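Geometric and topological summary
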Amino acid sequence: MIDTHSHIYLPTFDDDRAEVHDRAAEAGVEAIFMPAIDFDSITQMEKLHHPEIMFYKMAGVHPCDVKEDLPKDFTEQLFGFCDSDDFYGVGESGLDYYWSTDLVEQQKESFRIHCKVAKQTGKPIIIHNRESTVDMLNIIEEEQDGSLKGIWHCFNGSLEEGKRALDLGLHLGIGGVATFKNAGVDKTVARLPLEKMVLETDAPYLAPTPKRGKRNEPAFMKYTAQKLAGIFGVSLKEIDIATTKTAKQLFGLNSNDIQ
Ligand SMILES: [Zn+2]
């Protein structure tokens, strides 16, 4: 399985990172894609190694970390990272109106820059979206010229929003929220195509049931995968095969190491 969204480089894993990685490998996680929160995240990502897990870096600035003044050379900096063969995606970017709406215009500008870099580099944009779905999808629509691809990470939209996202060329990242009782995400997911979905944890956040409320880690992705198997009435193996294939295509991986 591929965890397409994990902040495994954060300090919350410093004390037991080796065990966390071992448990991930044991649970069948063969690759972890790491979205950045800011450019400092990248230094932390570079320290990670495990004999059975591939780690893939991505570069970007989280919408909650966008500052009042974007650096003048922000586009060049972001492009500099993302254009390198060392980086597999652009993000995470997007919009977040839940924590604060003070810097909405800056968030939008930053999101548009991430979209442009994603198009220029041919790499997927990783989209964070919280209480901002209409604006997020409108920006994707404006930016979509046929070459933009990306993941609506931690998908929790309505059926209409999900369909619109797919029409706009996005994929959906399915994480712990899909396992939450009463969230209703499972019912929406059931009516959308499995081949447009990838698995993710968003570790250390949003642990799936039955680990809800705990620090999330890649090994817990098996619960989300099991939930997805139940939703689509297929085996866990089929979920693994389908989501792994989609993730490999999306991120342009040729590696035969990941099945
Ligand atoms: Zn994230």
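First, a word on what this report is: a plain description of the structure on this page. (Residues numbered from 1 in each chain as written. Predicted model: local features only at pLDDT ≥ 70, side-chain atom pairs only at ≥ 80, totals over all residues. Heavy atoms only, no water.)

1. What about the coordination of the zinc ion?
Each protein donor to the zinc ion is listed here as His5 (NE2), His7 (NE2), Glu92 (OE) and Asp202 (OD); together their distances run 2.0 to 2.6 Å. One can describe the site at the zinc ion as irregular: its four donor atoms subtend angles covering 85 to 175 degrees at the metal. (Donors = N, O, S within 2.8 Å, 3.2 Å for Na, K, Ca; no water. Tetrahedral: all angles 85-135°; square planar, octahedral: opposite > 155°, others 65-115°.)

2. With respect to the packing of aromatic side chains
Applying the stated criterion across every chain, the model contains ten aromatic pairs. Ring geometry for Phe33 and Tyr88: centres 6.4 Å apart, planes at 80 degrees, overall edge-to-face. With Phe33 in strand S2 (residues 31-34) and Tyr88 in strand S4 (residues 87-96), this residue pair connects regions lying 55 residues apart in the sequence. Assessed through its relative accessible area of 23%, Tyr88 is described here as partly exposed. (Phe/Tyr/Trp six-rings, centres within 6.5 Å; stacked < 30°, edge-to-face > 60°. Helix = DSSP H or I, 4+ residues; strand = E, 2+ residues; numbered from the N terminus. Buried < 20%, exposed > 50% of the residue type's maximum accessible area, 1.4 Å probe, protein only.)

3. Let's talk about the nonpolar core
Of all hydrophobic cores here, the largest spans 68 residues; its most connected members are Phe111, Ile140 and Leu172. The element contributing the most residues to this core is helix H4 (residues 104-121), with six residues. Ignoring sequence-local partners within four residues, the contact set of Phe111 consists of Ser93, Gly94, Leu95, Ile125, Ile127, Met136, Ile139 and Ile140. In this structure, Ala31, Tyr56, Phe251 and Ile258 belong to the second largest nonpolar core, which totals 13 residues. (Core = buried A, V, L, I, M, F, W, Y, C linked by side-chain atoms within 4.5 Å. Contact = heavy atoms within 4.5 Å.)

4. What to know about the sheet that holds S2
Backbone-to-backbone hydrogen bonds join strands into a sheet, with any given pair of strands oriented parallel or antiparallel. Strand order in this open sheet of eight strands is S1-S2-S3-S4-S5-S6-S7-S8, and the pairing throughout is parallel. Edge strands, defined here as strands with exactly one partner in the open sheet, are strand S1 (2-3) and strand S8 (197-199). When S4 meets strand S5 (residues 125-130), the two strands line up parallel, connected through five bridges. Bridge pairing in S5 links Gly94 to His128. Contacting S4, S5, strand S6 (150-152) and strand S7 (170-174), helix H5 (residues 133-143) runs over the sheet at an angle of about 155 degrees to S5. (Pairing = 2+ DSSP bridges. Axes fitted to C-alpha atoms, helices over the stretch in contact; angles between N-to-C directions.)

5. Some thoughts on helix H6 (residues 159-167)
Residues that lie three or four places apart on an α-helix share one face, since the helix turns once every 3.6 residues. For H6, every residue scored as buried is listed here: Leu159, Gly162, Ala165 and Leu166. Down the axis of H6, the sector holding all buried residues measures 125 degrees, keeping them to one side. Looking at H6, the residues exposed on the side facing more than 90 degrees away from the buried face are Glu160 and Asp167. In this structure, the buried side of H6 is in contact with H5, S6, S7 and helix H7 (185-189). Of the residues flanking the end of H6, it is Gly169, one or two places downstream, whose phi is positive at about 95 degrees. (Arc of directions from axis to C-beta.)

6. So, the pairing of S2
Here S2 shows a buried face lined by Ala31 and Phe33 and a second buried face lined by Ile32 and Met34. Pairing of S1 with S2 involves two bridges; the strand directions are parallel. Each bridged residue has a counterpart across the sheet, and for Asp3 the counterpart in S2 is Ile32. Pairing analysis gives four bridges linking S2 to strand S3 (residues 54-59), with the strands arranged parallel. Looking at S3, one finds that Ile32 is bridged to Phe55.

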